[in-house]
Amino acid sequence: MDIEVRPCASHEDLRDALNAIGHYFGHENTLDDVERFAQWMEIDRMHAAFEGDLAVGGAGAFGYRMSVPGGRSVPAAGTTVVGVLPTHRRRGVLRSLMRAQLEDARARGEVAAYLWASEATIYGRFGFGLASRMGSISLPRERVRFGQPFEPRGTVRLVGLEEAAKTFPPLYEQIFAQRPGMNSRTQAWWETRRLFDNPQFRQGGPKHRALLELDGEPAGYAIYNVKQDWAGGSSKGTVNITEVVTPTPEAARELWRWLLDFDWTSEFRADLLPLDHELFHLLAEPRRMQYTINDGVWVRLIDVGAALSARTYEDGEIVLEVEDAFLPENTGRWRVTPDGTKRTDDDADIRLDVTAVGSVYLGGFTFADLVRASCARELTEGAAARGDALFRTNIAPWCAEIF
């Protein structure tokens with residue numbers, strides 16, 4: 001029987017499409033789960049693959065804005081919940097789903113897509129390139145001393161959902177303007193996803209929301225929970241830090257000092273931290289964090305010209321010869337300058353695949369990185385160095401949550 005790919009038209013369609021990936025994650029979605037999910041994603045942004053009346057695969061996309069270098073943002077598809085039932089693998093279902101999703105995103109005016117890859121081998125063939133790296137830490141309580149002691153002057157309060165939903169988003173927006181790679185958040189996203197404490201998904205105690213104030217004004221926030229344990233009659237808990245947002249250096253120093261002074265615990269854990277995190281210089285013994293690096297978000301340029309034109313650059317120019325087998329309309333030579341990106345017939349300086357363009361787009365990797373890894377080829381002498389000078393950023397990309 002033929003496979004038909006089409007947008008979901010009902011909650012029942014959405015449930016069945018979500019259950020394709022749920023099959024692998026050990027979770028079966030109910031209509032109640034779907035109603036909650038539909039608060040964040042329009043139903044028709046979930047494409048489903050049907051064999052007759054049976055949904056055998058699905059691929060969804062959140063309608064985001066993605067922050068890019070220069071304090072700007074672009075309309076982007078936040079690709080998510082992609083899966084095909086094990087009974088229908090190796091039949092081209094995923095390829096059909098990804099093509100339908102990317103073509104739909106382009107029709108909506110989205111110039112890029114990005115995702116967190118559950119398996120890194122999947123998405124390169126659809127044009128997604130590794131664009132950032134993230135780190136996780138596990139810091140013992142007895143190793144939290146700062147290298148430069150200071151006298152804290154801020155105050156921290158634990159706040160409820162309503163106050164957090166009012167005070168946290170403006171702080172996040174400040175970081176959104178500073179860091180490439182972040183995803184925009186709607187008020188519904190804040191209230192029903194990021195800040196909401198769902199007991200069904202707890203891994204430890206309840207979710208806590210801490211607000212830092214400096215001079216009586218909101219200056220930063222932290223979201224965390226405590227997983228308590230005991231050994232030999234003594235407390236052996238873990239503070240699991242979900243997200244810390246501090247738009248200024250002072251706020252970072254103040255809030256991390258408060259977090260790491262937490263009593264009745266033996267360990268602090270945090271994930272999805274940027275590579276240039278402040279703790280490397282705040283802590284007296286940064287090695288004790290056991291900072292472990294992993295891949296972060298993967299970026300796919302849907303409209304190469306529009307996406308490259310949307311971010312800022314340093315002085316100079318470069319001609320890229322881009323190959324894009326999955327969306328061939330992007331294939332060609334592109335002149336990148338601070339004034340924009342346009343097609344050209346001039347000789348190229350660097351030849352690369354669209355996956356590699358995604359890797360340098362947010363500033364997480366350089367052309368030199370790509371050349372060393374045989375993912376790009378210099379066609380003119382010194383082209384990688386000139387490209388890196390043009391694309392240079394002074395801050396690492398960061399996406400604070402897996403979507």
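The structure under discussion appears in the preceding block.
Residues numbered from 1 in each chain as written. Predicted model: local features only at pLDDT ≥ 70, side-chain atom pairs only at ≥ 80, totals over all residues. Heavy atoms only, no water.

Visitor: It is not clear to me how unusual backbone geometry should be interpreted in this structure. Could you clarify?
Guide: Within the chain, W264 stands out as a residue other than glycine whose phi angle is a positive 60°. Mapping W264 onto the fold places it in the loop between α6 (249-260) and β14 (267-273). The exposure class assigned to W264 is exposed, which follows from its relative accessible area of 61%. We note that L272 has phi near 60°; this positive angle belongs to a residue other than glycine. With respect to the helices, strands and loops of the structure, L272 is situated in strand β14. (Helix = DSSP H or I, 4+ residues; strand = E, 2+ residues; numbered from the N terminus. Buried < 20%, exposed > 50% of the residue type's maximum accessible area, 1.4 Å probe, protein only.)

Visitor: Hey, could you run me through helix α9 (residues 354-361) in this one?
Guide: For an α-helix, 3.6 residues make a turn, and residues three or four places apart therefore share a direction. Buried residues dominate α9, accounting for 8 of its 8 residues. Residues V354, T355, A356, V357, G358, S359, V360 and Y361 constitute the buried set of α9. Two or three places before T355, at the start of α9, stands the capping residue D353, its side-chain oxygen 3.0 Å from that residue's backbone nitrogen. Within two residues after α9, G363 carries a phi angle of roughly 90°, on the positive side. (Polar contact = N/O pair within 3.5 Å; in protein donor to acceptor, adjacent residues only side chain to side chain.)

Visitor: Teacher, can you tell me more about the pairing of β14 here?
Guide: The side chains of a regular strand alternate between both faces of the sheet. Where burial is concerned, most of β14 is hidden: 5 out of the 7 residues are buried. Bridge count for strand β7 (residues 133-140) against β14 is 5 bridges, and the pairing is antiparallel. When the sheet's bridge partners are listed, S138 is paired in β14 with R269. Judged from the 4 bridges that link them, strand β13 (residues 238-245) and β14 form a sheet pairing that is parallel. Paired with T238 across the strands is E267, a residue of β14. (Pairing = 2+ DSSP bridges.)

Visitor: Is there a simple way to think about the packing of aromatic side chains in this case?
Guide: Here a ring pair, both rings aromatic, is described through the centre-centre distance and the interplanar angle of the planes. One pass over the structure, following the stated rule, counts 21 aromatic pairs. Ring centres of Y123 and F128 lie 5.8 Å apart, and the angle between their planes is 75°; this geometry places the pair in the edge-to-face category. No difference in accessibility class separates Y123 from F128, as the two residues are buried. Measuring from ring centre to ring centre gives 5.8 Å for Y224 and F262, while their planes differ by 80°; the resulting arrangement is edge-to-face. Of this pair, Y224 sits in strand β10 (residues 217-227) while F262 sits in the loop between α6 and β14; the two residues are 38 residues apart in sequence, bridging distant segments of the chain. Taking relative accessible area as the criterion, Y224 reaches 3% and is therefore assigned buried. Every member of this aromatic cluster is reached through a ring pair, and the members are F37, W40, F62, Y64, Y114, W189 and F403. The positively charged end of R6 is found above the aromatic ring belonging to F50, 3.9 Å away from the centroid. We note R257 situated over the ring of F146; from NZ or CZ to the ring centre the distance is 4.2 Å. (Phe/Tyr/Trp six-rings, centres within 6.5 Å; stacked < 30°, edge-to-face > 60°. Lys NZ or Arg CZ within 6 Å of the ring centre and 35° of its normal.)

Visitor: Is there a simple way to explain the nonpolar core in this structure?
Guide: If you look at soluble globular proteins, the nonpolar side chains tend to sit buried side by side. Grouped together as the largest cluster of nonpolar side chains are 75 residues, with contacts concentrated most on M66, L301, L308, L352 and Y361. In terms of residues, this core owes the most to one element, helix α4 (residues 161-178), which gives 7 residues. Residues Y224, V239, L259 and M289 belong to the second largest nonpolar core, which totals 28 residues. (Core = buried A, V, L, I, M, F, W, Y, C linked by side-chain atoms within 4.5 Å.)

Visitor: Would you explain the sheet that holds strand β8 (residues 155-158) in this entry?
Guide: If you walk across this open sheet you meet the 7 strands as β8-β9-β10-β13-β14-β7-β15, and the pairing is mixed. In the strand order of this sheet, the two ends are held by β8 and β15 (292-295), each with one partner. Shown here is a sheet whose adjacent strand axes are inclined to one another by a mean of 25°, direction ignored. One ladder, built from 4 bridges, connects β7 with β15; its direction is antiparallel. Looking across to β15, one finds that S136 is bridged to T292. (Axes fitted to C-alpha atoms, helices over the stretch in contact; angles between N-to-C directions.)

Visitor: Just to check I follow, could you spell out a positive patch on the surface for this structure?
Guide: On the surface, R89, R90, R95 and R125 cluster together to form a positively charged patch. Relative to the assigned elements, R125 resides in the loop between β5 (112-116) and β6 (129-130). (Patch = residues over 30% accessible without salt bridge, like charges linked within 9 Å, V, L, I, M, F, W, Y side chains within 5 Å. Areas by Shrake-Rupley, 256 points an atom, 1.4 Å probe, with all protein chains shown as cover. Salt bridge = Lys/Arg side-chain N within 4 Å of Asp/Glu carboxyl O. Lys, Arg positive; Asp, Glu negative; His and termini not counted. Charge placed at Lys NZ, Arg CZ, Asp CG, Glu CD.)

Visitor: What's the story with the sheet that holds strand β3 (residues 54-68) in this structure? I'm lost.
Guide: Sheets are built from strands paired through backbone hydrogen bonds, the pairs being either parallel or antiparallel. Taken together, the 7 strands give an open sheet; going across it, the order is β1-β2-β3-β4-β5-β16-β6, and neighbouring strands pair in mixed fashion. Edge strands, defined here as strands with exactly one partner in the open sheet, are β1 (4-7) and β6. In terms of strand pairing, β3 meets strand β4 (residues 72-84) through 11 bridges, oriented antiparallel. Its bridge partner lying in β4, Y64 is registered against A76. This element, helix α3 (residues 93-107), spans β1, β2 (46-51), β3, β4, β5 and β16 (297-301) of the sheet and lies at about 155° to β4. Strands β3, β4, β6 and β16 of the sheet are contacted by α9, whose axis makes an angle of about 120° with β16. (Contact = heavy atoms within 4.5 Å.)

Visitor: So what exactly am I meant to see when it comes to the side chain of E267 here?
Guide: For E267, the location among the structural elements is in strand β14. Look at E267 and you get buried, because its relative accessible area is 16%. Contact partners of E267, with chain neighbours within four places excluded, come to S138, L139, R141, G237, T238 and V239.

Visitor: Would you take a moment to explain the environment of S10 for this structure?
Guide: As for its position among the elements, S10 is in the loop between β1 and α1 (11-25). Residue classification places S10 among the partly exposed residues on the basis of a relative accessible area of 23%. Along the backbone, S10 and D44 are 34 residues apart, and their C-alpha atoms lie at a distance of 8.4 Å. In terms of polar contacts, S10 uses its side chain to reach the backbone amide nitrogen of D13, at 3.1 Å.

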